Amino acid sequence: MKKLSFKGIFIPAISLFLICLIATLLLAGTNELTKEPIAKQAQDKANAAMSSVCPEAVSFEQSKDGLFYSGFDKDGNCVGVAVPSSAKGYGGEVSIMVGFDTEGNILGVDILSQSETPGLGANCVKDDFKNQYAEKIPESGAFNVVKDAGKKGEGDIVAITSATITSKAVTEAVNGAIEIYSTVKWGEL
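Since the structure is predicted, the reported quantities are computational estimates derived from the model, not experimental observations.

Draft legend 1. Seen up close, the overall build of the protein. Counting secondary structure elements, the protein contains 3 helices and 7 strands. Going residue by residue from the N terminus, the α and β elements of the protein occur as α-β-β-β-β-β-α-β-β-α. Based on the C-alpha atoms only, the size of the protein along its principal axes is roughly 80 × 45 × 25 Å. The contacts of the protein with a sequence gap of at least 6 include a subset with a gap of at least 24, amounting to 47%. As displayed, the protein offers around 11700 Å² of accessible surface, 58% of which is attributable to carbon and sulfur atoms.

Structural data, given as C-alpha cells:
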C-alpha cells in the first residue's frame, strides 16, 4: 500500500474546495440575476389568470390580508374576486386561481402551475375539466370528486381518467378558495 503524503492529500483537497467555491459563486450569481425576471413572470401569469377567471374586471387590488384580489370594472365597482389556492397533487403542488362573482358563482378556474404526469394529471389544464367548476357554489359549500359521470350530482366533479389524485387536488384547492371567498366582506371592498 502506498503511503499518503501531505502533498498528496492537500493539493486534491484544495483543488476540490476551489471547484466547489467557483460552482457555488456561479450558482449564487445566476440565482441573483434570474430572481427578478422569474418573479415578474410569476406575477404576469397571476395577472393573466385573474383576468381569465374574472373577465369583467379591468383592475385588481389585493386584499389587506393578502388572501384574494378584488376585481373592479372601469367605473370602480367591484365585480368579483380572484382567489389563489393550492393543494398537493400526485406530482407536487397544484396552484390555481378561482374567480367568483358577487353572487356566489364561480366564474372560472385557471391552473397557475402543476407538475402532474403528462397525458394524465396534466390534463387538469384542459377546459373540459376546469369548466366543471363554473357554477354556483354547492349548497354543501364544497365540491366532491366522482369517478363515474353517470353518478354526477350537484357539486360533483367528474375525475380525470386515471388521475383521481390530481382531480382531488384541484378540487381541494377550489374548496380552499371557496372557504376564503366566504370570508369576503363585500361592503368593505
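So, next bit.
Draft legend 2. Focus on the side chain of D73. Secondary-structure assignment places D73 in the loop between β2 (69-72) and β3 (78-88). Buried charge D73 goes without a salt bridge, the closest partner of opposite sign being K74 at 7.0 Å. A distance of 3.0 Å separates a polar side-chain atom of D73 from the backbone nitrogen of D75. A distance of 2.8 Å separates the side chain of D73 from the backbone nitrogen of N77, its partner in a polar contact.

Draft legend 3. How the structure looks around unusual backbone geometry. With phi around 60°, S162 is a residue other than glycine that occupies positive phi space. Within the secondary structure, S162 sits in the loop between β7 (156-158) and α3 (164-181). Accessibility expressed as a relative area gives 59% for S162, which makes it exposed.

Draft legend 4. Inspection of the sheet that holds strand β4 (residues 93-100) at higher detail. Reading across the sheet, the 5 strands line up as β1-β2-β3-β4-β5 and stay open at both edges, with antiparallel pairing between neighbours. Lying at the two open borders of the sheet, with one neighbouring strand each, are β1 (59-62) and β5 (106-113). Adjacent strand axes in the sheet meet at a mean angle of 25° when their direction is disregarded. As defined by bridge partners, β3 adjoins β4 across 8 bridges and the pair is classed as antiparallel. By the bridge assignment for β4, V81 is matched with F100.

Draft legend 5. Examining a nonpolar patch on the surface more closely. Among the surface-exposed residues, F6, F10, I11, I14, F17, L18, L21 and L25 lie close enough to one another that they form a single nonpolar patch of about 810 Å² accessible area. Note that L21 resides in helix α1 (residues 6-53).

Draft legend 6. How the structure looks around the nonpolar core. Ranked by internal contacts, the top residues of the largest apolar core, which has 28 residues, are I96, V98, F100, I106, Y133, V170 and V174. With 8 residues, α3 is the largest single contributor of residues to this core. Look past the residues within four positions of V170 in its chain and what remains in contact with it is V94, I96, I111, C124, F129 and Y133. Of all hydrophobic cores here, the second largest spans 8 residues; its members include A49, Y69, M97 and L112.

Definitions and limits used
- Residues numbered from 1 in each chain as written.
- Predicted model: local features only at pLDDT ≥ 70, side-chain atom pairs only at ≥ 80, totals over all residues.
- Heavy atoms only, no water.
- Helix = DSSP H or I, 4+ residues; strand = E, 2+ residues; numbered from the N terminus.
- Contact = heavy atoms within 4.5 Å.
- Areas by Shrake-Rupley, 256 points an atom, 1.4 Å probe, with all protein chains shown as cover.
- Buried < 20%, exposed > 50% of the residue type's maximum accessible area, 1.4 Å probe, protein only.
- Lys, Arg positive; Asp, Glu negative; His and termini not counted.
- Salt bridge = Lys/Arg side-chain N within 4 Å of Asp/Glu carboxyl O.
- Polar contact = N/O pair within 3.5 Å; in protein donor to acceptor, adjacent residues only side chain to side chain.
- Pairing = 2+ DSSP bridges.
- Axes fitted to C-alpha atoms, helices over the stretch in contact; angles between N-to-C directions.
- Patch = residues over 30% accessible without salt bridge, like charges linked within 9 Å, V, L, I, M, F, W, Y side chains within 5 Å.
- Core = buried A, V, L, I, M, F, W, Y, C linked by side-chain atoms within 4.5 Å.

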